[in-house]
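# Remarks on the overall topology
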Amino acid sequence: MTSRRTFLACGLAASLPLPAFAQDPGVGAGARVGSGTAERFPLWPKTPPGAPQTKVTDAWVKRSPTGAADDIAWPHVATPMLTVLKPARPNGAAMLICPGGGYVRVAVGRNPGAISQWFADRGVTAFELLYRLPHDGWAAGPDVALQDAQRAMRVIRAGAGTRWTVDPARVAITGFSAGGHVAAKLAARSTLAVYDPQDAADRLSATPTVAGLFYPVITMFDEGVHAQSRRELLGANAASPDFQRRYSAQVDLPADMPPTFIACNADDPVVLFKNSLLMIEALHAAKVPASLMVFEKGGHGPPAKRRDGTIVPWQQMFADWAGDHGWPA
């Protein structure tokens, strides 16, 4: 259920040139990943807006000493990136994926991850977002990740039909943990002007067709808050009621917010499932089409396997639901 302004803006995509981007050496253009091909490039054509006075340098750490080589997270992001996995048989749908990390870091590798591969295996062009963090001192402060999310949606649409086989009216967003907060804010504030236009791509809509929020950080108020995310997002303003309200994703939702699917686990010890309850209540109050799945077990991550060892098809549940709301994959 995409708004009329979204479709009008999307209609411009076919006539706009895609901005020129420098290729990141981490993934060569056309690199084979599973059954698809991958590429990775900077999100902004030049320096991202609002550069801090103290230079930021990209830095990553391994998430586990014994983990895979690309199981990394970024505590500092100077160059926000998109990593794209293009399926062998694209069906026109696209997915922007916002990883988590509690706003302390961004837990995403240089190569497409398992979630992107799941979507690509089903014909969806998957885009993983490496977004900037407020603690690096960017001028936009708590809105810096929203800047990157808006820009990413517009870049995807700018390349629709030329660089990627993507229908600009079928671009969804998903977010995980703190990335769920990024995705929720983008879905609710896609038309909020948080940066000056950089090029023709910024004439396009940043509104996703549908949104999927998975074990998401939502509130900045005390009840249910993930304290680390609030501290990292709001910094010196973490105790301010005004800032807590402004950056609680469940507050003041617009009636034309995209249909939203939420999934979480009741036993999540990190981001309490109260966050998801607050969001579904707010969505229903705003009369936004929405569904909530609360699984019994799984902690802070996908739902636990069933007793017979089979995996709960949480991604398929979202894809099926999204297909009923304008995002057939």
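Residues numbered from 1 in each chain as written. Predicted model: local features only at pLDDT ≥ 70, side-chain atom pairs only at ≥ 80, totals over all residues. Heavy atoms only, no water.

### Quick look at the overall build of the protein chain
Looking only at helices and strands, one finds eight helices and eleven strands in the protein chain. Every one of the 329 residues in the protein chain was classed for burial, and the buried ones make up 57%. Long-range pairs, those at least 24 residues apart, make up 78% of the contacts in the protein chain with a sequence separation of at least 6. In the form shown here, the protein chain has an accessible surface area of approximately 13,400 Å², with 54% of it arising from carbon and sulfur atoms. (Helix = DSSP H or I, 4+ residues; strand = E, 2+ residues; numbered from the N terminus. Buried < 20%, exposed > 50% of the residue type's maximum accessible area, 1.4 Å probe, protein only. Contact = heavy atoms within 4.5 Å. Areas by Shrake-Rupley, 256 points an atom, 1.4 Å probe, with all protein chains shown as cover.)

### Some words on the packing of aromatic side chains
Inspection of every chain in the model, using the stated rule, returns 15 aromatic pairs. Grouped by ring-pair contacts, the aromatic residues Trp 118, Phe 119, Phe 176, Phe 214, Tyr 215, Phe 261, Trp 314, Phe 318, Trp 321 and Trp 327 constitute a single cluster. Sitting over the face of the ring of Phe 41, Arg 163 holds its NZ or CZ atom 4.5 Å from the ring centroid. (Phe/Tyr/Trp six-rings, centres within 6.5 Å; stacked < 30°, edge-to-face > 60°. Lys NZ or Arg CZ within 6 Å of the ring centre and 35° of its normal.)

### Thoughts on helix α4 (residues 178-188)
Of all eleven residues making up α4, eleven are buried, and the element is well covered by its neighbours. Of the positions making up α4, those classed as buried are Ala 178, Gly 179, Gly 180, His 181, Val 182, Ala 183, Ala 184, Lys 185, Leu 186, Ala 187 and Ala 188.

### Concerning the environment of Phe 273
Counting through the fold element by element, Phe 273 comes out in the loop between β10 (260-265) and α7 (274-285). Taking relative accessible area as the criterion, Phe 273 reaches 30% and is therefore assigned partly exposed. Placed 57 residues apart in sequence, Phe 273 and Pro 216 show a C-alpha to C-alpha distance of 8.3 Å. Beyond its immediate stretch of four places on either side in the chain, Phe 273 contacts Cys 264, Asn 265, Ala 266 and Val 294.

### Points about helix α8 (residues 314-323)
Along α8, the positions that sit buried rather than exposed are Trp 314, Gln 315, Phe 318, Ala 319, Trp 321 and Ala 322. Within α8, the buried residues cover an arc of 165 degrees as seen down the axis, which keeps them to one side. As for α8, its buried residues are in contact with β6 (92-98), α2 (114-120), β8 (166-176), β9 (211-214), β10 and β11 (290-295). (Arc of directions from axis to C-beta.)

### Side note on the side chain of Asn 275
Inspection of the secondary structure puts Asn 275 in helix α7. One polar contact links the side chain of Asn 275 to the main-chain amide nitrogen of Thr 219, over a distance of 3.1 Å. A distance of 2.9 Å separates a polar atom in the side chain of Asn 275 from the backbone oxygen of Leu 272. Apart from residues no more than four positions distant in its own chain, Asn 275 is found in contact with Pro 216, Val 217, Ile 218, Thr 219 and Gly 224. (Polar contact = N/O pair within 3.5 Å; in protein donor to acceptor, adjacent residues only side chain to side chain.)

### Some details on the pairing of strand β4 (residues 72-76)
With four of five residues buried, β4 is to be regarded as a mostly interior element. In the sheet, strand β3 (residues 59-62) pairs with β4 via three bridges, with the strands oriented antiparallel. Its bridge partner lying in β4, Val 61 is registered against Ala 73. (Pairing = 2+ DSSP bridges.)

### Quick word on the nonpolar core
In terms of nonpolar packing, the biggest core is built from 64 residues, with Leu 82, Leu 96, Leu 129 and Met 279 touching the most fellow members. Counting 22 residues, the second largest nonpolar core, distinct from the first, contains Ala 93, Val 124, Phe 176 and Phe 214. (Core = buried A, V, L, I, M, F, W, Y, C linked by side-chain atoms within 4.5 Å.)

### Observations regarding the pattern of salt bridges
One pass over the full model with this rule turns up nine salt bridges. Across the pair Glu 39 and Arg 163 runs a salt bridge whose closest N-O atoms are separated by 2.8 Å. Of this pair, Glu 39 sits in strand β2 (residues 36-42) while Arg 163 sits in the loop between α3 (144-158) and β8, and the two are 124 residues apart along the sequence. The buried category is assigned to Glu 39, whose relative accessible area is 4%. Taking the relative accessible area as the measure of exposure, Arg 163 reaches 26% and is therefore partly exposed. Here Lys 274 makes a salt bridge to Glu 223, at a shortest N to O gap of 3.3 Å. Of this pair, Lys 274 sits in helix α7 while Glu 223 sits in the loop between β9 and α5 (227-234), placing them 51 residues apart in sequence. (Salt bridge = Lys/Arg side-chain N within 4 Å of Asp/Glu carboxyl O.)

### Comments concerning the confidence of the model for the protein chain
Mean pLDDT for the protein chain: 92, with 90% of residues reaching 70 or above. Counting interchain partners and residues more than four positions distant, the pLDDT-below-50 stretch residues 1-25 has 57 contacts. (pLDDT = per-residue confidence, 0-100.)

### Some details on the pairing of β2
With seven of seven residues buried, β2 lies mostly within the body of the structure. The alternating pattern of β2 places Gly 36, Ala 38, Arg 40 and Pro 42 and Thr 37, Glu 39 and Phe 41 on opposite faces, both of which are buried. Bridge count for β2 against strand β5 (residues 81-86) is six bridges, and the pairing is antiparallel. Looking at β5, one finds that Ala 38 is bridged to Leu 85.

### Observations concerning unusual backbone geometry
Even without a glycine there, the phi angle at Asp 252 is positive, about 55 degrees. By the element assignment, Asp 252 lies in the loop between α6 (241-246) and β10. The exposed category is assigned to Asp 252, whose relative accessible area is 53%. Although it is not a glycine, Lys 287 sits at a positive phi angle of roughly 60 degrees.

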